[in-house]
Amino acid sequence: MMSNRRARALLAALLVLPASSVQARPPQDDPYAYDFRSGIFPVTYVGAVTQHYLGTAARAELDFGRRVTLQLGGRIGWHGLNGPKSPLGFHGRLLLGMNVYDGEVREPMAGTVYPEDPPPAGVGNPATDQDLEVWTSEKMKGPRLTLPEREGDRLVSLRRVHSLRVGAEYVRSIQPGGRLLTGPALVLGYAFGTHYNLSARAAGSMEVGFRRIYIDLMSMHESITEQRSLSGGNLPELNLFPLGLRIGMEGTIAAFWPKVPGVGFAYGLEIGLLPGDERLESYLMLNLGLALDAATGL
């Protein structure tokens, strides 16, 4: 079982950058500029069937060209809210994203809608209580709406990525019936993401970040899974259900300060079912924290 000290060391190691190659001011309007993306979550919430707790989490990922992305992530609980107060859950993640598609697309910016022609002056005197002698369909008709030509013609560059995810995880979870399960899991999944790095000239205000939606299948094997009773008594024989499933969304919204465009807001939302006892342990995880994105030039 991984100790809390080693777990904290892992979370700290997630945010180590190759500082010698980081660009202080990445080029704007290049969706590939920010190849290092990370998030620090001082407080993360995990709500499961058996145990709810608060913890700390972090994630970091680095692109190696346009084909491979390496992601590290983890969380550790430090305050139980409901269910067993100790031990609390732990999760470590190492994933390799292999991009089956990674391309730059040009999309129009959405513009403000303005009326193309206002209603004629003098129609409908508010000082009279007499109805207009026009068809009801004409009364309900409003002015035509159109997009300004300048906004409709503006295009911005975005990065679109479809990737297969493979990797391994180390999970500690409380199962129904007071059983503590700890062990590694294999992961196979799919992710779809959009990356953006827009200047104020292109988008009206500087925008940096990414958003990704993913679905993963997890698998554990009974022979390498450790179990023990939280009460210290004997446990019935484990009937391990080896498969789990999760769906999540993660990303960053940076460029709050133009002088440091890689600093901003990071988020993550995940729901899933963990492998374990035949009574599956479902959970919800919510991460809100600080984004630290950078350009390493790798």
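As a starting point, this report considers the structure included with it. Since we're looking at a predicted model, the values are computed, not measured.

1. Here we look at the overall build of the protein chain
Counting secondary structure elements, the protein chain contains four helices and 13 strands. Looking at the protein chain residue by residue over its 298 residues, the buried ones come to 43%. A separation of at least 24 residues holds for 71% of the contacts in the protein chain among residues at least 6 apart in sequence. Of the accessible surface of the protein chain, which amounts to about 16200 Å², a share of 61% is contributed by carbon and sulfur atoms.

2. Thoughts on the side chain of Asn 197
Its place among the elements puts Asn 197 in strand β8 (residues 179-198). A distance of 2.8 Å separates the side chain of Asn 197 from the backbone oxygen of Pro 27, its partner in a polar contact. Among all residues touching Asn 197, those that are not within four sequence positions of it are Pro 27, Gln 28, Asp 29, Asp 30, Pro 31, Ala 33, Tyr 34, Glu 207 and Val 208.

3. Observations regarding the nonpolar core
Generally speaking, a soluble globular protein has its nonpolar side chains buried in company with each other. Residues Val 46, Ala 48, Tyr 53, Leu 88, Leu 95, Val 171, Val 187, Met 218, Leu 274, Tyr 283 and Met 285 constitute the largest nonpolar core, which totals 11 residues. The residues touching Met 218, leaving out its near neighbours within four places in the chain, are Glu 169, Leu 186, Val 187, Pro 242, Leu 243, Gly 244, Leu 245, Arg 246, Leu 273, Leu 274 and Pro 275.

4. Considerations on unusual backbone geometry
Geometrically, the link from Ser 86 to Pro 87 is a cis peptide bond, its omega value of -10° lying close to zero. Mapped onto the elements of the fold, Pro 87 is located in the loop between β3 (68-82) and β4 (90-108). Backbone geometry places Asp 29, a non-glycine residue, at a positive phi of 65°. Along the chain, Asp 29 turns up in the loop between α1 (4-13) and β1 (36-48). Even without a glycine there, the phi angle at Ala 255 is positive, about 65°. Inspection of the secondary structure assignment puts Ala 255 in the loop between β11 (243-254) and β12 (263-274).

5. Quick look at the pattern of salt bridges
If you walk through the whole model with that rule in mind, you get 12 salt bridges. Linking Arg 37 and Glu 61 is a salt bridge whose minimum nitrogen-to-oxygen distance equals 2.7 Å. Placement of the pair is Arg 37 in strand β1 and Glu 61 in strand β2 (residues 52-64), with a sequence separation of 24 residues. Both residues of the pair, Arg 37 and Glu 61, belong to the buried class. Ionic pairing is found between Glu 169 and Arg 246, a salt bridge with its closest N-O pair at 2.4 Å. Of this pair, Glu 169 sits in strand β7 (residues 155-175) while Arg 246 sits in strand β11, and the two are 77 residues apart along the sequence. Taken individually, Glu 169 and Arg 246 each receive the classification buried, so the pair is uniform in this respect.

What counts as what
Residues numbered from 1 in each chain as written. Predicted model: local features only at pLDDT ≥ 70, side-chain atom pairs only at ≥ 80, totals over all residues. Heavy atoms only, no water. Helix = DSSP H or I, 4+ residues; strand = E, 2+ residues; numbered from the N terminus. Buried < 20%, exposed > 50% of the residue type's maximum accessible area, 1.4 Å probe, protein only. Contact = heavy atoms within 4.5 Å. Areas by Shrake-Rupley, 256 points an atom, 1.4 Å probe, with all protein chains shown as cover. Polar contact = N/O pair within 3.5 Å; in protein donor to acceptor, adjacent residues only side chain to side chain. Core = buried A, V, L, I, M, F, W, Y, C linked by side-chain atoms within 4.5 Å. Salt bridge = Lys/Arg side-chain N within 4 Å of Asp/Glu carboxyl O.

Structural measurements only, silent on function.
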